[in-house]
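Residue-level listing of the chains:
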Amino acid sequence: MKTAAFLIAFLAFAGLSAGQQVKWNYDKLAARASETVDVSLDGSLLRLATKFLSDDDADEAKVKKLVAGLKGIYVKSFEFKKEGEYSAADVDAFRAPLHTPDWQRIVGVHSTEDGEDVEVYIKNEGKNIGGLAIIATEPKELTLVNIVGAIDLDTLSELGGHFGIPEVEVEKKK
Amino acid sequence: MNLEDELRSALRRREPSPDFTDRVLARVSAAPAPHAARPWVRWVAALAASVLLAAGAVEYRHYQGERAKSQVLLAVRIAGGTLHKAQRKVQMLHTAHRSVS
């Protein structure tokens, strides 16, 4: 009886934790930022959004397919007027919830030239990707992305490459 | 006459005049009847209110959907752009490393 109760509690906890967003506390940075972008979409809002994404527009159709099975998208981007508005400890605090066996860092790019750092983490759920987290820092900008659910990284990157983000930025330095 | 007698006289029971009931009934029947609304007016008002509420709900849902759509596009733009940038940098480093070796 006790084993069954434990099993039920464990499965309930596992079910809850599988679809949860990363707990990041942004309050300190939000107070210092000159501009903030805040996107917070749970499963029901994502489902609603997919109804409004067009099948005729190629990009929108791809986005629609990409987000169809997701449970949440959370993006926070802070812009600061001057450098040094956030510390290494602030960034460490964002990394902390990702230091669990579920999460795996797949990319870590550090550029001393322009001071840009990007870290990409994926959440492993068996053989599938159960979530994505990105921490991107620049001297006057900090961006946090958390996608909950099975995400196709190639499609996301491909969309990001021609969806208003200039991809020549990196190539210029060649 | 003392106070007790005055009170007794003032509060003594008096019978109404014989035509009192007739006069009251005559006044009641002479008073104008309250204006009753026609039943169809209520139905039309209820229907109009329902249509307005439904239209408002549809409009609000549409607004929410369009807002959610633009937020999804913005999120994909930021997340995809950041991921793409990281991938490009990794590719660049990989290419540079290969050309050196």
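These figures come from a predicted structure and were not determined experimentally. (Residues numbered from 1 in each chain as written. Chains lettered and ligands numbered in written order. Predicted model: local features only at pLDDT ≥ 70, side-chain atom pairs only at ≥ 80, totals over all residues. Heavy atoms only, no water.)

This part covers the sheet that holds strand β3 (residues 103–111) of chain A. Residues and elements named next belong to chain A. The strand order across the open sheet formed by six strands is β1-β2-β6-β5-β4-β3, and the pairing between neighbours is antiparallel. Unpaired on one side and paired on the other, β1 (35–42) and β3 mark the two borders of the sheet. Across the sheet, the mean angle from the axis of one strand to that of its neighbour is 10 degrees, orientation sign disregarded. Along the sheet, helix α3 (residues 43–52) makes contact with β1 and β2 (72–79), crossing β1 at roughly 90 degrees. Lying over the sheet, helix α6 (residues 153–162) contacts β3, β4 (116–125), β5 (128–138) and β6 (141–148), oriented at roughly 35 degrees with respect to β5. (Pairing = 2+ DSSP bridges. Helix = DSSP H or I, 4+ residues; strand = E, 2+ residues; numbered from the N terminus. Axes fitted to C-alpha atoms, helices over the stretch in contact; angles between N-to-C directions. Contact = heavy atoms within 4.5 Å.)

What follows concerns the interface of chain A and chain B. In this complex, chain A contributes 44 residues to the contact, which on the side of chain B involves 28 residues. Summing both partners gives a buried area of about 3200 Å² for chain A against chain B, and 76% of it is carried by carbon and sulfur. Seen at the junction of chain A and chain B, the total is five salt bridges. For Lys89(B), the salt bridge identified is with Glu116(A), shortest N-O distance 3.2 Å. Remark: the boundary between chain A and chain B carries four residue pairs in polar contact (both at pLDDT 80 or more). Of all the elements, α6(A) adds the most residues to the side of chain A that touches chain B, at seven residues. When the residues that make up the side of chain A that touches chain B are grouped by side-chain class, the tally is 28 nonpolar, six polar and ten charged. (Buried area = accessible area lost by both parts, 1.4 Å probe. Salt bridge = Lys/Arg side-chain N within 4 Å of Asp/Glu carboxyl O. Polar contact = N/O pair within 3.5 Å; in protein donor to acceptor, adjacent residues only side chain to side chain. Nonpolar A, V, L, I, M, F, W, Y, C, P; charged D, E, K, R; others polar.)

Residues and elements named next belong to chain A. For Glu 119, the position within the fold is in strand β4. The exposure class assigned to Glu 119 is buried, which follows from its relative accessible area of 7%. At 2.7 Å, the side chain of Glu 119 forms a polar contact with the side chain of Arg 95. (Buried < 20%, exposed > 50% of the residue type's maximum accessible area, 1.4 Å probe, protein only.)

Quick look at a nonpolar patch on the surface now. Nonpolar side chains collect at one region of the surface, where Leu3(B), Leu7(B) and Leu11(B) lie side by side and expose about 360 Å² of accessible area between them. Topologically, Leu11(B) is positioned in the loop between α1 (3–10) and α2 (20–30). (Patch = residues over 30% accessible without salt bridge, like charges linked within 9 Å, V, L, I, M, F, W, Y side chains within 5 Å. Areas by Shrake-Rupley, 256 points an atom, 1.4 Å probe, with all protein chains shown as cover.)

All right, on to α3(A) then. The complete set of buried residues in α3(A) reads Gly43(A), Leu46(A), Leu48(A), Ala49(A), Thr50(A) and Phe52(A). Residues of α3(A) that are buried sit in contact with β1, α4 (58–67) and β2 of chain A together with α3 (39–100) of chain B.

Attention shifts here to the nonpolar core. Judged by nonpolar contacts, the single largest core of 34 residues is most densely connected at Val67(A), Leu132(A), Ile147(A), Leu156(A) and Val72(B). In terms of residue count, the dominant contributor to this core is α3(B) (nine residues). Once residues within four sequence positions are removed from consideration, Val67(A) is found in contact with Leu46(A), Thr50(A), Leu53(A), Ile73(A), Val72(B) and Val76(B). Counting residues in hydrophobic clusters, the runner-up holds 17 residues, among them Val22(A), Phe94(A), Ala133(A) and Leu142(A). (Core = buried A, V, L, I, M, F, W, Y, C linked by side-chain atoms within 4.5 Å.)

Residues and elements named next belong to chain A. Counted according to the given criterion, the structure contains five aromatic pairs over all chains. Geometrically, the ring pair formed by Tyr 26 and Phe 94 is tilted, given 6.5 Å between the ring centres and 35 degrees between the ring planes. Of this pair, Tyr 26 sits in the loop between α1 (2–18) and α2 (27–32) while Phe 94 sits in helix α5 (residues 88–95), and the two are 68 residues apart along the sequence. Residues Tyr 26 and Phe 94 agree in their burial class; the two are buried. Three or more aromatic residues joined by ring pairs form one cluster here, namely Trp 24, Tyr 26, Phe 78 and Phe 94. A cation over an aromatic ring shows up here: Lys 76 above the ring of Tyr 26, its NZ or CZ 4.8 Å from the ring centre. (Phe/Tyr/Trp six-rings, centres within 6.5 Å; stacked < 30°, edge-to-face > 60°. Lys NZ or Arg CZ within 6 Å of the ring centre and 35° of its normal.)

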